[in-house]
Amino acid sequence: MPGTSRMPVSLRESFNSVKRSRPLASNPLQVLSLDLVRNIVFTLFLLRWTRRVLWKLKGRGLLGTIAELYGDLRRVLYGYFLRLPGVRTQVRKQVSEAISKMEAKMVPAHATRYLTLPKEGWTEDAVRKELDTLVAMDHTRWEDGYVSGAVYHGEEELLRLQTEAYGKFTVANPIHPDVFPGVRKMEAEVVAMVLSLFNAPPGAAGASTSGGTDSILLACLAARQKAYAERGVTEPEMILPETAHTAFRKAGEYFKIKIHYVACPAPTYQVDVRRVARLINSNTILLVGSAPNFPHGIIDDIAALSKLALKRRIPLHVDCCLGSFLVPFLEKAGFETVPFDFRLRGVTSISCDTHKYGFAPKGNSTVLYRTAAHRAYQYFVDPSWSGGVYASPGMAGSRPGALIAACWASLVSVGEAGYLAACEQIVGTAKKLAERIREHPALAGELEILGNPLVSVVAFRARNLNTYDIADAMTARGWHLNALQNPPAIHVAVTLPITKVWERLAADLEAVVEGEREKERVRAVEGKKSRGGKDAGGDAAVLYGVAGSLPNKSVVVDLATGFLDLCYKA
Ligand SMILES: *Cc1c(COP(=O)(O)O)cnc(C)c1O
């Protein structure tokens with residue numbers, strides 16, 4: 001290779017000139033060895049980059065690589081455009097206008113605000129009265145089944161039992177198992193029950209966490225630490241279906257794990273396992289599949305991923321955060337199902353949210369590993385701290401024992417029969433809703449269901465109308481559904497409260513689609529442009545239709561940051 005030899009020669013020349021002017025380097029042996037080191041370093045550098053380029057070409061193909069470069073270039077150039085003085089002022093103005101509008105909706109203008117501690121503590125009655133006002137604030141009616149996801153059970157009896165369990169352990173902290181032995185026992189039992197639900201083999205182990213994101217972060221961290229300890233991987237990479245939960249992207253940012261995204265194309269909307277295989281290299285620390293994913297409620301081909309993971313000897317995490325206590329019951333409930341758990345030998349870790357369809361109060365989740373040794377990679381142990389030898393299983397130090405008690409109480413009070421019945425009811429409703437969308441004359445021609453959802457989420461998009469206009473019109477009718485992007489779609493995550501009102505949901509959807517069709521007809525008569533996918537309308541249409549189509553999403557980032565700021569506006 002002429003390119004590789006030319007460079008070191010010129011290096012050598014420049015080195016020689018330096019040598020001439022420096023008496024210190026006049027020893028010929030020293031010159032030779034320095035020269036050698038220089039060549040070795042350069043060759044390693046070259047090898048490293050050649051390897052990277054080859055990996056890229058293998059993973060994405062030539063056209064894919066060019067397309068990626070083009071996308072990056074467009075993003076960067078558009079970023080510069082947004083920073084031009086005139087443009088920047090205009091963008092800032094529009095962003096702050098949008099945030100003011102959000103503020104008007106989120107932060108009540110006339111309520112009494114408490115910004116400092118009261119001089120004297122309030123009486124119990126006063127606190128109670130204020131809490132009653134707060135809980136009654138105008139809100140989207142989850143109690144009446146108007147909210148997708150969010151509240152999965154919500155029935156009085158279970159809530160009362162959870163509150164009682166919480167009350168008994170309000171002061172408890174599992175960091176002190178000698179002080180709160182009951183909490184230690186309950187925590188271990190919750191993990192054991194979930195392990196058994198997912199057919200964990202002997203020797204498997206798990207931990208409880210504060211939520212699905214926490215579970216996923218820990219699974220990624222453990223995979224990274226494992227790869228470093230066992231394979232010496234210092235530049236970790238993981239391969240993600242595009243539809244995998246964003247918590248994996250968070251893990252990538254927090255733990256410096258490079259992410260390769262793999263498309264989940266129509267008609268199945270499952271991750272393309274052949275593409276996953278092409279992206280594997282010696283830095284790969286983790287493969288990921290969802291059972292099911294959040295956006296479309298689709299279960300990836302976990303069996304194929306497991307086979308690949310076994311063959312290439314790479315850990316595979318299955319995200320069952322949403323599937324939680326529904327997927328394990330599909331078979332018993334008589335619904336169509338696919339393999340997803342530890343019975344597939346390539347599956348090395350699973351996240352399962354007890355606070356979703358496990359019906360425990362929020363702040364509860366579990367992460368499971370095929371082996372206890374794998375779990376130990378998520379532990380943090382500090383043997384030398386002046387505060388004493390310190391060990392914690394996850395990211396938190398102190399943790400709420402009361403939440404563990406409430407989780408344990410939920411699991412044992414609902415029991416296998418209860419979860420089976422809930423699965424029948426919730427998945428049964430999702431199937432009825434999907435069927436209605438596929439077959440009702442008002443909906444069938446217009447709405448298209450994404451893939452073949454097997455669990456509780458039904459995602460759909462409009463064929464001719466603007467999907468986000470439909471989402472906004474449903475919001476206007478009091479529904480809180482989820483707007484999705486890439487492609488534009490809407491989903492409903494069916495919960496127990498929704499099972500009671502799903503027919504009203506379907507009827508409203510029919511009315512909304514009919515209404516939007518009528519608007520299109522009027523537009524056509526007036527000779528106006530069809531809204532088939534562009535232009536601003538309601539909130540979802542503005543956010544996803546306009547800002548979402550930009551090559552650089554920094555405006556969306558500004559809006560979302562403004563939203564987070566508002567969450568803390570007292
Ligand atoms: C909800 C969810 C998560 C994350 O759970 P949080 O409890 O919100 O942190 C992860 N994966 C999927 C598929 C989910 O639906």
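Residue numbers here run from 1 along each chain, matching the order of that chain's written sequence. Side-chain atom pairs in this predicted model are given and counted only at pLDDT of 80 or more, local residue features only at pLDDT of at least 70, and totals for whole chains, interfaces and linings cover all residues. No hydrogens and no water enter the side-chain calculation; it runs on all heavy atoms of the structure.

1. Description of a positive patch on the surface
No. 1: For patch building, the residue pool is restricted to those with more than 30% relative accessible area and no salt bridge; the joining distance is 9 Å between like charges and 5 Å between nonpolar side chains (Val, Leu, Ile, Met, Phe, Trp, Tyr). Computed with the Shrake-Rupley method and a 1.4 Å probe, the accessible areas treat only the protein chains shown as cover for residues. Whenever a carboxyl oxygen of Asp or Glu lies within 4 Å of a side-chain nitrogen of Lys or Arg, that contact is scored as a salt bridge. Counted as positive: Lys and Arg. Counted as negative: Asp and Glu. His and the chain ends are not counted at all. For this purpose, a charge sits on NZ of Lys, CZ of Arg, CG of Asp or CD of Glu. On the surface, Lys58, Lys307, Lys311 and Arg312 cluster together into a positively charged patch.
No. 2: If you tally residues by element for the positive patch, the top one is helix H10 (residues 302-312), at 3 residues.
No. 3: What counts as a helix is a DSSP run of H or I of at least four residues, what counts as a strand is a run of E of at least two, and both are numbered from the N terminus. Relative to the assigned elements, arginine 312 resides in helix H10.

2. So, unusual backbone geometry
No. 1: For the bond from alanine 266 to proline 267, the omega torsion is 5°, close enough to zero to count as cis.
No. 2: As for its position among the elements, proline 267 is in the loop between strand E3 (258-262) and helix H9 (273-279).
No. 3: Residue alanine 291 is joined to proline 292 through a cis peptide bond whose omega torsion reads -5°.
No. 4: Inspection of the secondary structure assignment puts proline 292 in the loop between strand E4 (284-290) and H10.
No. 5: Of note, lysine 256 is a non-glycine position whose phi angle comes to about 55°, a positive value.
No. 6: Mapped onto the secondary structure, lysine 256 falls in the loop between helix H8 (247-255) and E3.
No. 7: Only protein chains enter the accessibility calculation, which uses a 1.4 Å probe. A residue is then buried if its area is under 20% of the maximum for its type, exposed if over 50%, and partly exposed in between. Lysine 256 sits in the exposed class, given a relative accessible area of 66%.
No. 8: Positive phi values are uncommon outside glycine, yet serine 324 reaches one of about 20°.
No. 9: Summarising the element assignment, serine 324 is placed in the loop between strand E5 (316-320) and strand E6 (347-352).

3. Looking at the packing of helix H3 (residues 85-106) against helix H18 (residues 554-567)
No. 1: Lines fitted to C-alpha atoms define the axes, with helix axes restricted to the stretch in contact, and inter-axis angles between N-to-C directions lie between 0 and 180 degrees. The N-to-C vectors of H3 and H18 enclose an angle of 35°; their axes lie 10 Å apart at closest approach. Crossing of H3 over H18 shows right-handed handedness. Contact residues: Val91, Val95, Ala98, Ile99, Met102, Glu103 and Met106 in H3; Val555, Asp558, Leu559, Gly562, Phe563, Leu566 and Cys567 in H18.
No. 2: Gly counts as polar in this scheme, as do all residues outside two lists: the nonpolar Ala, Val, Leu, Ile, Met, Phe, Trp, Tyr, Cys and Pro, and the charged Asp, Glu, Lys and Arg. Looking at the contact of H3 with H18, its residues break down into 11 nonpolar, 1 polar and 2 charged. By definition, turning the near helix anticlockwise from the far helix through less than a right angle yields a left-handed crossing, and turning it clockwise yields a right-handed one. Contacts were defined at the residue level, with two residues in contact if any of their heavy atoms lie within 4.5 Å.

4. Notes on the environment of asparagine 293
No. 1: Examined against the element boundaries, asparagine 293 turns out to sit in the loop between E4 and H10.
No. 2: Residues asparagine 293 and aspartate 319, 26 residues apart in the sequence, show an inter-C-alpha distance of 7.6 Å.
No. 3: Beyond its immediate chain neighbours, meaning those up to four positions away, asparagine 293 contacts Thr243, Tyr269, Ile298 and Leu322.
No. 4: Side-chain polar atoms of asparagine 293 contact the backbone nitrogen of glycine 297, separated by 3.0 Å. Any N or O atom pair separated by 3.5 Å or less is treated as a polar contact, with the protein-specific requirement of one donor-capable and one acceptor-capable atom, and with residues adjacent in sequence counted only for side-chain atom pairs.

5. Concerning the site of the ligand
No. 1: We call a residue near a given molecule or strand whenever any one of its heavy atoms falls within 4 Å of it. Neighbouring the ligand are 13 residues, the closest being Gly212, Thr213, Asp319, His355 and Lys356.
No. 2: Threonine 213 is positioned such that a nitrogen or oxygen atom in its side chain is 2.5 Å from an oxygen atom of the ligand.
No. 3: In the model, an oxygen atom of the ligand is placed 2.9 Å from a nitrogen or oxygen of the lysine 356 side chain.
No. 4: When the ligand sits alone it has 380 Å² of accessible area, and the protein chains cover 85% of it.
No. 5: The dominant element in the shell around the ligand, judged by the number of residues it contributes, is helix H7 (residues 212-231), at 3 residues.
No. 6: A per-class count over the shell around the ligand returns 5 nonpolar, 5 polar and 3 charged.

6. Observations regarding the packing of aromatic side chains
No. 1: Classification of ring pairs rests on two measures: the distance between centres of Phe, Tyr or Trp rings, Trp counted by its six-membered ring, which must be within 6.5 Å, and the angle between planes, read as stacked under 30 degrees, edge-to-face over 60 and tilted in between. Applying the stated criterion across every chain yields a total of 12 aromatic pairs.
No. 2: Both rings, one in phenylalanine 359 and one in tyrosine 419, keep their centres 5.7 Å apart while their planes meet at 15°; by these two values the pair is stacked. A residue pair is termed long-range when its members are at least 10 positions apart, and phenylalanine 359 in the loop between E6 and strand E7 (365-369) and tyrosine 419 in helix H12 (residues 401-439) qualify at 60 residues.
No. 3: Feature note: the residues Phe325, Phe329, Phe359 and Tyr419 constitute an aromatic cluster, connected by ring pairs.

7. Quick word on the nonpolar core
No. 1: The criterion is simple. A nonpolar core is a set of buried Ala, Val, Leu, Ile, Met, Phe, Trp, Tyr and Cys residues joined through side-chain atoms within 4.5 Å. In this structure, Phe198, Leu287, Phe359, Ile437, Leu447 and Ile470 are the most contacted members of the largest nonpolar core, which totals 90 residues.
No. 2: Two domains each put at least three residues into this core: domain 1 (159-414) and domain 2 (416-567).
No. 3: The residues contacting phenylalanine 359, other than those within four sequence positions of it, are Tyr152, His153, Leu158, Gln162, Thr354, Ser410, Val414, Tyr419, Ala422, Ile426 and Leu496. Domain ranges listed in this record stem from an automatic or a database domain assignment.

8. Points about the domain arrangement of the protein
No. 1: Each assigned domain of the protein is listed with its residue range as follows: domain 1 (159-414) and domain 2 (416-567).
No. 2: Here the C-alpha centroids of domain 1 and domain 2 sit 29 Å apart.
No. 3: With 28 residues of domain 1 at the contact, the number on the domain 2 side is 29 residues.
No. 4: Here the quantity called buried area is the accessible surface, traced with a 1.4 Å probe, that two parts lose on coming together, added over both. The junction of domain 1 with domain 2 conceals about 2400 Å² of combined surface from both sides, 72% of it contributed by carbon and sulfur atoms.
No. 5: Scanning the region where domain 1 abuts domain 2 turns up 1 salt bridge.
No. 6: Here glutamate 416 makes a salt bridge to lysine 332, at a shortest N to O gap of 3.1 Å.
No. 7: Residues that form the side of domain 1 that touches domain 2 fall into these classes: 20 nonpolar, 6 polar and 2 charged.

9. Some thoughts on the pairing of strand E13 (residues 489-493)
Along any regular strand, the residues point their side chains to alternate faces of the sheet.
No. 1: Most of E13 is tucked away, with 5 of its 5 residues classed as buried.
No. 2: In this structure, strand E12 (residues 482-484) lies alongside E13, joined through 3 bridges in antiparallel fashion. Bridge pairing links leucine 484 to alanine 489 in E13.
No. 3: Linkage of E12 to E13, two consecutive antiparallel strands, is achieved through a turn of 4 residues, within which asparagine 486 is found at a positive phi near 50°. At least two DSSP bridges between two strands are needed for those strands to be called paired.

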